[in-house]
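Geometric and topological summary
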Amino acid sequence: MAATVDDLLRLEMPADEKRIIAEYIWVGGSGVDLRSKPRTLPGPVKSVSELPKWNYDGSSTGQAPGEDSEVILYPQAIFRDPFRGGDNILVMCDCYTPQGEPIPTNTRYAANKLFQQALDTEPWFGLEQEYTLLEKEHKWPLGWPVNGYPGAQGPYYCGVGADKAWGRRIVDAHYKACVYAGITISGTNGEVMPGQWEFQVGPAVGIAAGDELWVARYLLERITELEGVILSLDPKPVQGDWNGAGCHCNFSTKAMREDGGWEVIMEGVKNLELRHKEHIKAYGEGNERRLTGRHETASMDRFSWAVASRGTSVRIGRDTEAKKKGYMEDRRPASNMDPYVVTSLVFDTSTLWIRYRTKHIQ
C-alpha cells in the first residue's frame, strides 16, 4: 500500500540518524503574530549555546526595509518538539540587525536587561492566557449558532457537556503538547464566554515566563491550524453582554513569599497605582473594549485593588491575606499582551522602583 501524508508525518527516524530538525520561532512585526521556519542541524542539541544564529527576510514581516531586509535570529530558549518528536526541538529566538543591535520590535532584549538587574529577587510569574476559538468560515465563536447567539453566560465556565463546552479536543491536545515541550503549564479551564478557554503558564522565573508563553501560544496556533479553527487573542471578540479575554499576570518576589511579605506586596501595589496609565498603554491593543468595569474587570480609568475581588485592577488572594505573604494578580493585561513587556513592567514598577526609591531617600 502506498504511503499517505499521515504515514510520512508519523515516520520514526532511522536509529543511526543523528540530524535533527530545529524549528526557529520569533515574534513578527505586529508584536502579536508568530513566525517560524525549520532547519536541519547536527544533534542532539542540549544547550542554546550549541545553536547557530540564523536570518530571515524582515521586509516580509514588517521588521526591515526591502533594501536592507536581513534580520538575524538569536536562539534564546529550547523546547522539545511535540509535533516531530524524537530529538527535534523548538527554538524561541529574538531578533537583531546584522550589526548586533536589537530591532525595535525585540521586546525580549529590554525585558531581559531589567531582570538581570536584580536576579536575587527571584521574580515568579503565573500568566493566565485566555483565548477564543473561532469557526473558520464565519470567524464566529466555536459552538455558536451562525450569525446568532447561545444562551446567556452562566453554565459555560468550567462546563462539561456538548451544549456547554466547544473545542475541548484542541484544549486537551494543547495541554499535552505543552507538558511534552517542557513548558511549565499549570492548568487549563473553560471560560465564562462559550467558545473561550484559558491555560496557565507558571510559576516561571523572570524572562522564562515570556519565552514559555510565546511558545505555548505557538503550539496553540499550530494545533488550531491542524483542526481548521482560528485562534483569537482579541480582548473583546464579541461585543455586548459577554466576557472579554485577558491575560492576568500573577507576580511575586522572594521577599513577597517570605515572612513580612504583606508589606512588600502593599508597597508593590502602591507603585502599580502610581504608574497605572503607563501600564494600561502597554497592556494590549483594544483593551479599552474589555476594561469597562463590567464582566469581571475594573475600569481602565481608575486603579483599584482588593482582596478576592475580580472587579479590580489588582486582586490579592484570600490565602495571601491569611498568611500575610504570597503573590498579587494584575488583572489589567489583555489577552493579546506581549508577555515580555508585561512581566518586565510589573517587575520594574513593583520591585525595582522600591529599590530605587529606598536608595534615593537614604
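Residues numbered from 1 in each chain as written. Predicted model: local features only at pLDDT ≥ 70, side-chain atom pairs only at ≥ 80, totals over all residues. Heavy atoms only, no water.

The protein chain appears in an unreviewed UniProt entry as Glutamine synthetase from Chara braunii. Under the UniProt heading Sequence similarities (unreviewed entry), the entry covering the protein chain gives this text: "Belongs to the glutamine synthetase family." Here is the UniProt Catalytic activity (unreviewed entry) comment for the protein chain, exactly as written: "L-glutamate + NH4(+) + ATP = L-glutamine + ADP + phosphate + H(+)". (UniProt positions renumbered as here; feature names shortened; annotations may be inferred.)

Quick notes on the nonpolar core
Side chains of a nonpolar character, in soluble globular proteins, are inclined to be buried together. If you look at the biggest cluster of nonpolar residues, it comprises 63 residues, and the most contacted ones within it are F79, M92, Y131, I183, F199, L219 and M328. It is helix α4 (residues 207-227) that provides the largest number of residues to this core, a total of 10 residues. Split by domain, this core shows at least three residues from each of two domains, domain 1 (18-105) and domain 2 (115-360). A22, L41, V91 and I103 belong to the second-largest nonpolar core, a separate cluster that totals 17 residues. (Core = buried A, V, L, I, M, F, W, Y, C linked by side-chain atoms within 4.5 Å. Buried < 20%, exposed > 50% of the residue type's maximum accessible area, 1.4 Å probe, protein only. Helix = DSSP H or I, 4+ residues; strand = E, 2+ residues; numbered from the N terminus. Domains from an automatic or database assignment.)

Here's the deal with the packing of aromatic side chains
Scanning the model with the defined rule gives 15 aromatic pairs in all. Here the aromatic rings of W140 and W144 are separated by 5.4 Å at their centres, their planes lie at 85°, and the arrangement is edge-to-face. Judged by its relative accessible area of 6%, W144 falls in the buried class. Put simply, the rings of F115, F125, F251 and F347 pair up and form one aromatic cluster. For R222, the ring lying beneath its charged end belongs to F83, and the centroid distance is 4.1 Å. Across from the ring centre of W262, 4.6 Å away, lies the NZ or CZ of K324, which sits over that ring. (Phe/Tyr/Trp six-rings, centres within 6.5 Å; stacked < 30°, edge-to-face > 60°. Lys NZ or Arg CZ within 6 Å of the ring centre and 35° of its normal.)

Brief notes about the sheet that holds strand β2 (residues 34-42)
Spatially, 5 strands are ordered β2-β1-β5-β4-β3 in an open sheet, and the strand pairing comes out mixed. Sheet topology places β2 and β3 (54-57) at the edges, where each strand pairs with a single neighbour. Taken pair by pair, the neighbouring strands of this sheet meet at an average axis angle of 40°, ignoring direction. Two elements, β3 and strand β4 (residues 70-80), share 4 bridges in a ladder whose sense is antiparallel. Paired with N55 across the strands is I72, a residue of β4. (Pairing = 2+ DSSP bridges. Axes fitted to C-alpha atoms, helices over the stretch in contact; angles between N-to-C directions.)

Comments concerning the side chain of T320
Positionally, T320 belongs in helix α8 (residues 318-323). For T320, a relative accessible area of 3% corresponds to the buried category. A polar atom in the side chain of T320 sits 3.4 Å from the backbone nitrogen of Y327. The residues contacting T320, other than those within four sequence positions of it, are W262, I265, K325, G326 and Y327. (Polar contact = N/O pair within 3.5 Å; in protein donor to acceptor, adjacent residues only side chain to side chain. Contact = heavy atoms within 4.5 Å.)

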